[in-house]
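Chain and residue survey
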Amino acid sequence: MGLLAVAVLFGGGGSAYGVANVVVQLTALVLLALNPDKVLNFLRNAPRGLVILSCLTLAFPVVQLIPLPASVWRHFPGRELLNESLELIGRSGAWYPISLAPARTFIAFLSLIPVFAVFVLSWDLKRHEWGRALRGLVVFSVAMVLLGGLQMLTDNKALIFYPRERVRTDYLYGPFANHNSTGLYYVLALALLFAIGGKLRVRTITTTDLWSQWWVQVSVALLLVIAVVLTQSRSSMGVLFVVAGTGALGEISRRNMSAKKKALILVSVGVLSAASIFVLQGSSRFSEGLGRFDNLEDVRPAIWTDTVSSAERYWPIGSGIASFPEVFEVDEALENVWAFHAGRAHNDYLEIAQEGGIVGLMLVLAWIVWFVLSIIRTWNGEQRWHGLAAASGVAAVVLQSFVDYPLRNQAILCLGAVLVGFLARTAKGMMKREGEMTIARF
């Protein structure tokens with residue numbers, strides 16, 4: 001929990017804030033060093049697919065950093081400019097790695113260490129421990145919604161974590177530098193809320209519960225949904241339907257009632273949601289968020305076209321993980337040049353194809369296959385809807401990666417690792433009942 005709190009508070013700025021990200025990475029390294037038994041437990045007892053893919057993902061940028069003789073790297077695709085540059089300074093025979101931006105690739109490797117730490121530290125959690133962890137993350141996300149609300153009350157002039165960025169007064173940022181990351185963070189928090197499942201118990205200072213437990217969960221869910229809309233992130237609002245739909249179906253399916261009553265609840269939720277949106281349209285900030293779908297003009301398609309050209313230049317070896325900002329301009333068409341530097345491809349799959357080549361894409365495909373197989377195993381288990389709720393959060397990251405770069409954010413990486421770890425745990429069928437303790441106990 002400490003690692004995840006540090007990740008959200010320090011790791012929401014992206015690669016431009018290396019010092020803050022190092023705080024997260026050092027925290028992860030310290031925790032791994034203090035828990036060598038957990039590392040061994042993960043490597044020995046976790047699902048083989050998860051262990052192998054985790055190790056291969058960690059090793060991939062390291063392999064790209066191994067120096068190679070000039071007789072080898074000179075024949076890699078797209079190395080002509082590097083070869084000419086080294087010849088100009090009399091170093092044509094110098095050894096050089098696969099990556100054309102070794103420092104960036106090394107930083108990318110460091111960013112994967114907290115992900116591995118999340119897998120290691122969470123793997124052997126018992127059922128009630130998972131419940132406590134997920135509840136803590138949801139409560140923390142609610143606190144981050146309140147932080148974002150305070151920011152918006154000051155027109156985002158106070159309490160902003162990354163004021164050097166292009167901060168808009170009408171976006172909800174919370175602890176992130178990018179409103180797309182903020183929106184996805186609240187979507188993932190909603191997935192964690194549904195993964196808890198069951199009832200949430202809230203007690204007042206007396207022994208009487210003033211609110212129904214079910215409505216407490218609904219209230220938190222609505223707060224997170226409103227927060228997503230206030231970020232005005234179209235991609236986050238799009239993937240919100242995946243998580244909300246899966247969670248709603250899971251909550252209804254778990255309840256012991258007739259099919260007619262379940263259908264009535266679904267219709268009622270739909271009507272209530274539509275009415276809520278209609279009422280909230282009166283709020284200028286809320287209507288601005290929904291109104292962004294009216295203007296879909298975007299520079300992304302032009303960047304995607306040039307990224308494909310860049311990927312072809314370095315295919316099938318790739319230019320090195322995280323090297324995109326250093327090499328993209330070589331293939332950027334003049335008609336697509338705009339006022340800002342294209343630091344990302346705004347499509348993680350195209351960027352991985354450009355940076356990692358065929359091996360990078362095969363690694364992505366392997367993760368997707370593992371993800372699908374885990375969903376199938378989860379469907380046949382006791383904790384079906386808990387696991388599927390976590391899977392919907394992972395799916396949200398997968399989908400947003402088509403139009404953005406969520407996996408380039410340290411905080412989102414760590415939160416995604418929690419969802420992957422929980423899905424792996426439920427898929428293996430080890431979430432058995434432990435006495436009277438349930439994952440839903442609050």
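Just above, that's the structure.
Residues numbered from 1 in each chain as written. Predicted model: local features only at pLDDT ≥ 70, side-chain atom pairs only at ≥ 80, totals over all residues. Heavy atoms only, no water.

1. Here we look at the overall build of the protein chain
Scanning the protein chain for helices and strands turns up 18 helices and 0 strands. For the protein chain, buried positions account for 49% of its 442 residues. As displayed, the protein chain offers around 20,900 Å² of accessible surface, 68% of which is attributable to carbon and sulfur atoms. (Helix = DSSP H or I, 4+ residues; strand = E, 2+ residues; numbered from the N terminus. Buried < 20%, exposed > 50% of the residue type's maximum accessible area, 1.4 Å probe, protein only. Areas by Shrake-Rupley, 256 points an atom, 1.4 Å probe, with all protein chains shown as cover.)

2. Describing the nonpolar core
In this structure, Phe-42 and Tyr-186 are the most contacted members of the largest nonpolar core, which totals 86 residues. Of all the elements, helix α9 (residues 179-196) adds the most residues to this core, at 13 residues. Among residues more than four places away in sequence, those in contact with Phe-42 are Arg-48, Leu-50, Val-51, Ser-54, Phe-116, Phe-119, Val-120 and Trp-123. If you look at the next biggest cluster of nonpolar residues, it comprises 10 residues, including Trp-73, Phe-76, Ile-98 and Val-327. (Core = buried A, V, L, I, M, F, W, Y, C linked by side-chain atoms within 4.5 Å. Contact = heavy atoms within 4.5 Å.)

3. Describing a nonpolar patch on the surface
Taken together, the side chains of Leu-365, Ile-368, Val-369, Val-372, Leu-373 and Ile-376 define a hydrophobic patch exposed on the protein surface, amounting to about 500 Å² of accessible area. Relative to the helices and strands, Val-369 is located in helix α16 (residues 348-379). When its relative accessible area of 42% is taken as the criterion, Val-369 is described as partly exposed. (Patch = residues over 30% accessible without salt bridge, like charges linked within 9 Å, V, L, I, M, F, W, Y side chains within 5 Å. Salt bridge = Lys/Arg side-chain N within 4 Å of Asp/Glu carboxyl O.)

4. Remarks on the pattern of salt bridges
Taken as a whole and assessed by the stated rule, the structure comprises 8 salt bridges. Residues Arg-168 and Asp-170 are paired through a salt bridge, measuring 2.8 Å at the closest nitrogen-oxygen approach. The exposure class assigned to Arg-168 is partly exposed, which follows from its relative accessible area of 40%. For Arg-408, the salt bridge goes to Glu-351, with nearest N and O atoms at 3.6 Å. You can see Arg-408 sitting in the loop between α17 (384-400) and α18 (410-427) and its partner Glu-351 sitting in helix α16, a full 57 residues away along the chain.

5. As for the environment of Glu-332
By the element assignment, Glu-332 lies in the loop between α15 (324-327) and α16. A relative accessible area of 17% places Glu-332 in the buried class. As a C-alpha pair, Glu-332 and Ser-310 span 22 residues in sequence and 8.1 Å in three-dimensional space.

6. Details of the packing of aromatic side chains
Per the stated rule, a full pass over the model turns up 14 aromatic pairs. Taken together, a centroid distance of 6.4 Å and an interplanar angle of 35° make the contact between Phe-106 and Phe-109 tilted. Here Phe-109 and Phe-106 lie together in helix α7 (residues 102-123), a separation of 3 residues that amounts to about one turn. Residue classification places Phe-106 among the partly exposed positions, given a relative accessible area of 42%. Aromatic rings pair up to connect Tyr-17, Phe-161 and Tyr-162 into one cluster. Geometry around Trp-379 places Arg-384 over its ring, the cationic atom sitting 4.3 Å from the centre. Its guanidinium or amino end placed over the ring of Trp-123, Arg-425 lies 5.2 Å from that ring's centre, counting from NZ or CZ. (Phe/Tyr/Trp six-rings, centres within 6.5 Å; stacked < 30°, edge-to-face > 60°. Lys NZ or Arg CZ within 6 Å of the ring centre and 35° of its normal.)

7. Notes on the side chain of Arg-344
One can find Arg-344 in the loop between α15 and α16. Only 3.2 Å separates the side chain of Arg-344 from the side chain of Ser-15, close enough to count as a polar contact. Ignoring any residue separated from it by four or fewer positions in sequence, one finds Arg-344 in contact with Ser-15, Ile-303, Phe-324, Glu-351, Glu-355, Tyr-405 and Arg-408. (Polar contact = N/O pair within 3.5 Å; in protein donor to acceptor, adjacent residues only side chain to side chain.)

8. As for the environment of Pro-175
Within the secondary structure, Pro-175 is located in the loop between α8 (127-153) and α9. A sequence separation of 10 residues divides Pro-175 from Tyr-185, and the C-alpha atoms of the two residues are 9.9 Å apart. Not counting residues within four places of it along the chain, the set of residues in contact with Pro-175 comprises Val-8, Gly-12, Met-144, Leu-147, Phe-161 and Tyr-162.

9. Thoughts on α9
Helix length check: α9 (18 residues) gives 26 Å between terminal C-alpha atoms against 26 Å at 1.5 Å per residue, within 8%. Of all 18 residues making up α9, 18 are buried, and the element is well covered by its neighbours. Looking at where α9 begins, the residue whose side-chain oxygen comes 2.6 Å from the main-chain nitrogen of Asn-180 is Asn-178. Positive phi shows up at Gly-197, right after α9, with a value of about 65°. (Expected span 1.5 Å × (residues − 1).)

10. Considerations on unusual backbone geometry
In this structure, the amide linkage connecting Trp-315 to the following residue, Pro-316, adopts the cis form with an omega of 5°. Structurally, the position occupied by Pro-316 is in the loop between α14 (300-314) and α15. Unlike most non-glycine residues, Asp-155 shows phi in positive territory, near 55°. Residue position: Asp-155 is located in the loop between α8 and α9. Its relative accessible area of 34% is what places Asp-155 among the partly exposed residues. Of note in this structure, Leu-159 is not a glycine but carries a positive phi near 65°. Note that Leu-159 resides in the loop between α8 and α9. The class for Leu-159 is partly exposed, based on a relative accessible area of 48%.

11. Considering the packing of helix α4 (residues 48-63) against α16
As a packed pair, α4 and α16 sit with axes 11 Å apart at the nearest point and diverge in direction by 155°. For the element pair α4 / α16, the angle class is roughly antiparallel. Taken as a pair, α4 and α16 cross one another with a handedness that is left-handed. The residues of α16 that touch α4, namely those facing Gly-49, Leu-50, Leu-53, Ser-54, Leu-56, Thr-57 and Phe-60, are Gly-356, Val-359, Gly-360, Leu-363, Ala-366, Trp-367 and Trp-370. Taken together, the residues that form the contact of α4 with α16 break down as 9 nonpolar, 5 polar and no charged. (Axes fitted to C-alpha atoms, helices over the stretch in contact; angles between N-to-C directions. Parallel < 35°, antiparallel > 145°, perpendicular 65-115°, else oblique. Left-handed = near helix turned anticlockwise from the far one by under 90°. Nonpolar A, V, L, I, M, F, W, Y, C, P; charged D, E, K, R; others polar.)

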